[in-house]
Amino acid sequence: MKKRIILSAEAKQDIAELKRYIRHELKMPDTAARYIKELNAVIQELPNHADSVGMNEYIQGMFGFNARHAIFKRMIIIFYPKNHTIYIRRIIPGSLVY
């Protein structure tokens, strides 16, 4: 059975703010579009390997039991696999974690 992906309101806001920052603050609209497209591709691939991602005590301390993470460039995708669903909680700068 194929796993579905659910983005939290915070994750959607994180993506919107990231796109806005790259597009308007850095003044790189083409890069913003490409970056978000690549980020979405990574998110769509999470169901294929979410169960094999190890758990990190620091991430769990910040986001709760069963929280896992994937790294995309300088961003961290915080997610929870449960049954046939991947819940994306946040997408945050890696500097906040490491």
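### Observations regarding the confidence of the model for the protein
Okay, so step 1: Looking at the protein as a whole, the pLDDT averages 91, with 98% of positions reaching at least 70.
Okay, so step 2: Mean pLDDT per element in the protein: helix α3 (residues 57-63) is the minimum at 86, and helix α1 (residues 9-25) is the maximum at 97.

### Side note on helix α2 (residues 29-49)
Okay, so step 1: Over its 21 residues, α2 extends 31 Å from the first C-alpha to the last, a length consistent with the 30 Å expected when each residue adds 1.5 Å.
Okay, so step 2: All buried positions along α2 are accounted for by A32, Y35, I36, L39, I43, L46 and P47.
Okay, so step 3: Where α2 is buried, its residues contact β1 (4-7), α1, β2 (68-72), β3 (75-82) and β4 (85-93).

### Overview of the pairing of β4
Okay, so step 1: Here β1 runs beside β4; their pairing, made up of 4 bridges, is parallel. Bridge pairing in β4 links I6 to Y87.
Okay, so step 2: Pairing analysis gives 8 bridges linking β3 to β4, with the strands arranged antiparallel. In the sheet register, I77 faces β4, and the bridge partner there is I91.
Okay, so step 3: Linking β3 to β4, which pair antiparallel, is a turn of 2 residues; within it N83 sits at a positive phi near 55°.

About the cut-offs
- Residues numbered from 1 in each chain as written.
- Predicted model: local features only at pLDDT ≥ 70, side-chain atom pairs only at ≥ 80, totals over all residues.
- Heavy atoms only, no water.
- pLDDT = per-residue confidence, 0-100.
- Helix = DSSP H or I, 4+ residues; strand = E, 2+ residues; numbered from the N terminus.
- Expected span 1.5 Å × (residues − 1).
- Buried < 20%, exposed > 50% of the residue type's maximum accessible area, 1.4 Å probe, protein only.
- Contact = heavy atoms within 4.5 Å.
- Pairing = 2+ DSSP bridges.

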